Amino acid sequence: MKDFLDKYDTVIFDMDGVITSEQNYWNSAALTVREYLSSAKYFGDKAIDAGGLSADALRIRAEVFSEDKLINELKSRGVNSNWDLGYVTVLISLITGTDEPGTILEYASGLSVNILDEYDILAEAAAAALGKDKAYTERNGELWTAMRDCFQEWFLGDEIFTEQYGREPAEVGKPGLLHSERPIIPMDKLIALLEGLSKEKRVCTGTGRPYAELITPLRAWDAEKYFAKNGLCSYDDVAAAEKRLGETALTKPHPYMFLKALYGTDYDDARILAGDYDKAKIERTLVVGDAGADILAAKAMGADFCAVLTGVAGEGARGYFEELGAEYILPSAAELL
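Residues numbered from 1 in each chain as written. Predicted model: local features only at pLDDT ≥ 70, side-chain atom pairs only at ≥ 80, totals over all residues. Heavy atoms only, no water.

Enquirer: Got a minute to help me understand the overall build of the protein chain in this structure?
Expert: Of regular secondary structure, the protein chain possesses 16 helices and six strands. For the protein chain, the C-alpha radius of gyration of 19 Å lies close to 20 Å, the compact-globule estimate for 337 residues. If one aligns the C-alpha atoms of the protein chain with their principal axes, the spans along those axes are about 60 × 40 × 35 Å. The proportion of buried residues among the 337 residues of the protein chain is 56%. Of the accessible surface of the protein chain, which amounts to about 13,500 Å², a share of 48% is contributed by carbon and sulfur atoms. Between the mean site of the 35 positive side-chain charges and the mean site of the 57 negative ones, the protein chain shows a separation of 4 Å. (Helix = DSSP H or I, 4+ residues; strand = E, 2+ residues; numbered from the N terminus. Rg over C-alpha atoms; globule rule 2.2 N^0.38 Å. Buried < 20%, exposed > 50% of the residue type's maximum accessible area, 1.4 Å probe, protein only. Areas by Shrake-Rupley, 256 points an atom, 1.4 Å probe, with all protein chains shown as cover. Lys, Arg positive; Asp, Glu negative; His and termini not counted. Charge placed at Lys NZ, Arg CZ, Asp CG, Glu CD.)

In structure tokens form, the structure reads like this:
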């Protein structure tokens, strides 16, 4: 292990772009945007061929996200969930009145550095463009929820979606991109890293994935056993806390997810938000992430941060992480070995 890891008792990993590849999530987000902006069921005027679109996912992603430039732009502003990636893209399309990717990218480049400051503004402008109440377009509102479900249809496929949600997809014929999940670093190195860390440290996750999508690949790779049992913080924890406490934005870049992982998924949410926890633990905690939302959340928490350059911007993100004060910057999580 790298010598600097001796300083830490807990290591918290983001998942996508760090342990798991985010490619299929980006593809699912692009397919969701394409469906929403072209299907007569939503804001378009066409019938879609779900199977055909799935097979053409890479080309569609290149178009929708401007060769991934839009993904990089939004993630550098703290957009963490790929549900939010699609949602913000559609909001901008509604505001600008076009699905032209260049126009959407230009608009996104003018957003503030912290997306949490923008959600309400974007929702209000999109609602005005649609002639609807803001409650329809706001984050966690009707539009966001329907887009989330559409994304899940693309990622899970008809069979798993029906099994997980107890109903058929709104648009059938989606085979599901989940079935081609792979780790972002070589499997042998991933297992060696997690096994080595778990011998002396508490290994956790703070991920925007729902629990089922977090645990499925870890179990398939026989890696679940290396993580603390109450250290797997997922989007399900965020959704439950937001509902319980009446909060609307506890996902990253809010520090809630990493705090929940550190103190345990059984730790009281109200105490976390009130700052009622042993802050000394944070000094011996390292967060490993690939995106703006990760470092912003870690810094808000007060933890050290290790950036890995396996996210959408690759080596191009180095300057960004240097500017935000990452304690360590590595080519990939494998370099912790």
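Enquirer: What should I look at first to understand empty space enclosed by the protein in this one?
Expert: Empty space left among the atoms is revealed by rolling a probe the size of a water molecule over them. The full count for this structure, using the stated rule, is one cavity of 30 Å³ or more. Residue lining of the largest cavity: 20 residues in total, with Asp16, Glu22, Asn80, Ser81 and Asn82 positioned closest to the centre. Those elements giving two or more residues to the lining of the largest cavity turn out to be helix H5 (82–96) and helix H9 (142–165). For the lining of the largest cavity, the class distribution of residues is six nonpolar, six polar and eight charged. (1 Å grid on protein atoms, 1.4 Å probe; cavity = no way out; pocket = protein on both sides within 12 Å on 5 of 7 lines; lining within 4 Å. Points joined across faces, edges and corners; volume = space filled by probe spheres on them. Nonpolar A, V, L, I, M, F, W, Y, C, P; charged D, E, K, R; others polar.)

Enquirer: Is there a simple way to explain helix H11 (residues 211–220) in this structure?
Expert: Three- or four-residue spacings in an α-helix give side chains the same orientation, since the helix completes a turn every 3.6 residues. Every buried residue of H11 is accounted for by Glu213, Leu214, Ile215, Pro217 and Leu218. For H11, the secondary structure elements touched by its buried residues are helix H1 (23–38), H9, strand E2 (202–206) and strand E3 (232–233). Positive phi shows up at aspartate 222, right after H11, with a value of about 55°. (Contact = heavy atoms within 4.5 Å.)

Enquirer: Please explain the sheet that holds strand E4 (residues 285–289) as it appears in this structure.
Expert: Backbone hydrogen bonds hold the strands of a sheet together, and the pairing may be parallel or antiparallel. Ordered by their spatial adjacency, six strands build an open sheet running E3-E2-E1-E4-E5-E6, and the pairing between neighbours is parallel. Every interior strand has two partners, whereas the edge strands, E3 and strand E6 (328–330), have only one. With four bridges joining them, strand E1 (residues 10–13) and E2 adopt parallel strand pairing. In the strand pairing of E2, phenylalanine 13 is matched with threonine 205. (Pairing = 2+ DSSP bridges.)

Enquirer: Teacher, can you tell me more about the pattern of salt bridges here?
Expert: Close approach of charged atoms allows side chains with opposite charge to pair. Tallied over the full model, the rule gives 26 salt bridges. As a salt-bridge pair, arginine 284 and aspartate 9 come within 2.7 Å of each other at their nearest N and O atoms. Remark: aspartate 9 occurs in the segment before E1 and arginine 284 occurs in the loop between helix H14 (269–274) and E4; sequence separation between them is 275 residues. We classify arginine 284 as partly exposed; its relative accessible area is 35%. Note on aspartate 9: relative accessible area 39%, which makes it partly exposed. Here aspartate 294 and lysine 252 are joined by a salt bridge, their closest N and O atoms 2.8 Å apart. (Salt bridge = Lys/Arg side-chain N within 4 Å of Asp/Glu carboxyl O.)

Enquirer: Would you take a moment to explain the environment of tyrosine 165 for this structure?
Expert: Its place among the elements puts tyrosine 165 in helix H9. Overall, the relative accessible area of 28% leaves tyrosine 165 in the partly exposed class. Between the alpha carbons of tyrosine 165 and glutamine 152 there is a distance of 9.8 Å; along the sequence they are 13 residues apart. Excluding anything up to four places from it in sequence, tyrosine 165 contacts Gln152 and Leu156.

Enquirer: Any chance you could explain the side chain of threonine 285 here in plain terms?
Expert: As for its position among the elements, threonine 285 is in strand E4. What makes threonine 285 buried here is its relative accessible area of 0%. Within the structure, threonine 285 has its side chain in polar contact with the backbone oxygen of lysine 281 (distance 2.8 Å). Those residues in contact with threonine 285 that sit more than four places away from it in its chain are Tyr8, Thr10, Ile12, Leu262, Met301, Ala303 and Asp304. (Polar contact = N/O pair within 3.5 Å; in protein donor to acceptor, adjacent residues only side chain to side chain.)

Enquirer: I keep staring at the environment of valine 238 and nothing clicks. Help me out?
Expert: Of note, valine 238 is situated in helix H12 (residues 235–245). Between the C-alpha atom of valine 238 and that of leucine 178, which follows or precedes it by 60 residues, the distance is 22 Å. Those residues in contact with valine 238, other than ones at most four positions away along the chain, are Leu250, Thr251, Tyr256 and Met257.

Enquirer: Would you mind going over the state of the cysteines with me for this structure?
Expert: By definition, a disulfide links the sulfur atoms of two cysteine residues through a covalent bond. Counted under the stated rule, the structure contains zero disulfides. Free cysteine: cysteine 204, not disulfide-bonded; nearest cysteine sulfur from cysteine 233 at 9.4 Å. On the accessibility criterion, cysteine 204 (0% relative accessible area) is buried. (Disulfide = S-S within 2.5 Å.)

Read these as spatial facts, not as claims about activity.
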